[in-house]
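Examination of the molecular architecture
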Protein chains: 2
Amino acid sequence: MTAPAEPTFDDAFAAAFTTLLRWRRDVRHFRPDPIAPDLLDRLLDAACLAPSVGYSQPWRFVLVESAAAREAVRANFEGANAEALGDYQGERAKLYASLKLAGLRDAPVQLAVFTDAGTQIGHGLGRKTMPETLAYSTVMAIQNFWLAARSANIGVGWVSILDPDALRADLAVDPGWSFTAYLCVGYPQAASDRPELARRGWEAPHGASRELLKR
Amino acid sequence: MTAPAEPTFDDAFAAAFTTLLRWRRDVRHFRPDPIAPDLLDRLLDAACLAPSVGYSQPWRFVLVESAAAREAVRANFEGANAEALGDYQGERAKLYASLKLAGLRDAPVQLAVFTDAGTQIGHGLGRKTMPETLAYSTVMAIQNFWLAARSANIGVGWVSILDPDALRADLAVDPGWSFTAYLCVGYPQAASDRPELARRGWEAPHGASRELLKR
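My aim in this report is to walk through the structure given alongside it, one point at a time. (Residues numbered from 1 in each chain as written. Chains lettered and ligands numbered in written order. Predicted model: local features only at pLDDT ≥ 70, side-chain atom pairs only at ≥ 80, totals over all residues.)

Facing 83 residues of chain A, the contacting portion of chain B comprises 82 residues. Of all the secondary structure elements, the ones that give two or more residues to the side of chain A that touches chain B are helix 1 (11-23), helix 2 (37-47), strand 1 (59-63), helix 3 (67-85), helix 4 (90-98), helix 5 (133-151), helix 7 (196-199) and strand 5 (213-214) of chain A. For the side of chain A that touches chain B, the element with the highest residue contribution is helix 1 of chain A, accounting for 10 residues. When the residues that make up the side of chain A that touches chain B are grouped by side-chain class, the tally is 48 nonpolar, 19 polar and 16 charged. (Contact = placed C-beta atoms within 7 Å. Helix = DSSP H or I, 4+ residues; strand = E, 2+ residues; numbered from the N terminus. Nonpolar A, V, L, I, M, F, W, Y, C, P; charged D, E, K, R; others polar.)

Let's shift gears to the packing of helix 1 of chain A against helix 5 (residues 133-151) of chain B. Across the interface, helix 1 of chain A lies against helix 5 of chain B with an axial gap of 9 Å and an inter-helix angle of 165°. In this view, helix 1 of chain A runs roughly antiparallel relative to helix 5 of chain B, as classed from their interaxial angle. For the element pair helix 1 of chain A and helix 5 of chain B, the recorded crossing hand is right-handed. Note on element contacts: helix 5 of chain B touches helix 1 of chain A through N144(B), A148(B) and S151(B), opposite F13(A), A14(A), F17(A) and L21(A). (Axes fitted to C-alpha atoms, helices over the stretch in contact; angles between N-to-C directions. Parallel < 35°, antiparallel > 145°, perpendicular 65-115°, else oblique. Left-handed = near helix turned anticlockwise from the far one by under 90°.)

In spatial order, the strands read 3(A)-4(A)-2(A)-1(A)-5(B); together these 5 strands make up an open sheet with mixed pairing. Whereas interior strands pair on both sides, the edge strands pair on one side only; in this sheet they are strand 3 (155-159) of chain A together with strand 5 (213-214) of chain B. Sheet topology places strand 2 (residues 109-116) of chain A next to strand 4 (residues 177-186) of chain A; 8 bridges connect them, and they run antiparallel. Paired with L111(A) across the two strands is L183(A), which belongs to strand 4 of chain A. Lying on the sheet, helix 5 of chain A is in contact with strand 1, strand 2, strand 3 and strand 4 of chain A; it crosses strand 4 of chain A at an angle near 10°. (Pairing = 2+ DSSP bridges.)

Superposition of chain A onto chain B requires a rotation of 180° combined with a translation of 0.0 Å along the rotation axis, giving an RMSD of 0.0 Å. The two molecules are tied by a two-fold rotation axis, judged by turn and shift. When the interface residues of chain A are mapped onto chain B, 99% of them again fall at the interface, so both copies present the same face. (Least-squares fit on C-alpha atoms with pLDDT ≥ 70 in both.)

Here we come to the sheet that holds strand 5 of chain A. In spatial order, the strands read 5(A)-1(B)-2(B)-4(B)-3(B); together these 5 strands make up an open sheet with mixed pairing. Each edge of the sheet is formed by a strand with only one pairing partner; in this case those strands are strand 5 of chain A together with strand 3 (155-159) of chain B. Two elements, strand 3 of chain B and strand 4 (residues 177-186) of chain B, share 5 bridges in a ladder whose sense is antiparallel. Each residue of the ladder has a partner; that of G157(B), found in strand 4 of chain B, is C184(B). Helix-sheet contacts for helix 5 of chain B involve strand 1 (59-63), strand 2 (109-116), strand 3 and strand 4 of chain B, and the interaxial angle to strand 4 of chain B is about 5°.

Phi is positive for H123(A), close to 55°, though the residue is something other than glycine. Positionally, H123(A) belongs in the loop between strand 2 and helix 5. Residue H123(A) is classed as partly exposed on the basis of its 18 C-beta neighbours within 10 Å. Phi at N153(B) takes a positive value of approximately 60°, unusual for a residue other than glycine. Tracing the backbone through its elements, the reader meets N153(B) in the loop between helix 5 and strand 3. With 16 C-beta atoms packed within 10 Å, N153(B) lands in the partly exposed category. (Buried ≥ 20, exposed ≤ 12 C-beta atoms within 10 Å, placed from the backbone.)

On their own, these measurements won't tell you what the molecule is for.
Set out below in structure tokens:
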């Protein structure tokens, strides 16, 4: 068996990849069109190409499909969101409420993503001083998924306003798994190259290169 | 000002992007060739296109250039690595030692990446129940950086065998920043579509789609 030839990425691909990064959005408004199962498999395969500490591959995906499971997630979100709203005053509170942070109602595909904190895969390599790198590996798989989805013109929204322990219990997953993210997935109602929170005046973009510290 | 037209990503781009994911590697063996400052700026700009919780953009990059700073990082790694080695017995210990986990000696560009835990940017939106999403945002910026680097035929290696508190002190950064990752960056000596830990028999790849749970 011969090894595959090393690919060359030219300037045109690098430019198109930058366009992909620029148009990846946290999508909250979805069309109801379903996503073909083969395509979802392909996106999950892309997720699994992420780096992981000690090659531990700790990402675990749960497809949340049933009405009962989705209702449990929505109730969880509403409780956590009401509590978060209490932290904001006046105009900010109204803006926050109007942002419709969750595509939970409309997204045709919903994935709960966990990190298997007890995995023996990878034999613990590389995470002795920084055990949080296990969850970081799952986060990188999510970013792969997100970008692969956008390359197929599919949108992803990450819902983090959730009680992680309650969600794990509601979905009856392995108690050794920790909750990492809840993803709403579907074809977006509209595309944009600007974050919704920037468009709505919540926050402005900040550069990094200019403030690069040197040591 | 008119909004830019929405890009269309075709099947050829999606296939090339999958190739990019497949050939992104955790690189530990670098050529000494420098990286042009403009190119490094472009990779940092790609990092800043990552999603962040509440648009908080908490990533902070420190370019580690001086001999003193690099020596402090190397000493930190050697201490943490010796301690980690004590956890493995016999052949595994030898393999572990032979993996040369760090490109710390050779990588022409080295970046310490922090998360600004005290940032007011984004007004705390979305992270009340899951404060760890702030560091997750930085991790997604790192994955953007990693993939953009690969698209420019540059390799990245993530070193996690470090004492995070000592590193933060050594580099004299804002005490409100938490340490997220140390990245070695440079042109790789060789490319591969298989993880080094797989090639060396440390761990095998595991699929995800087949074990997808449904709820």
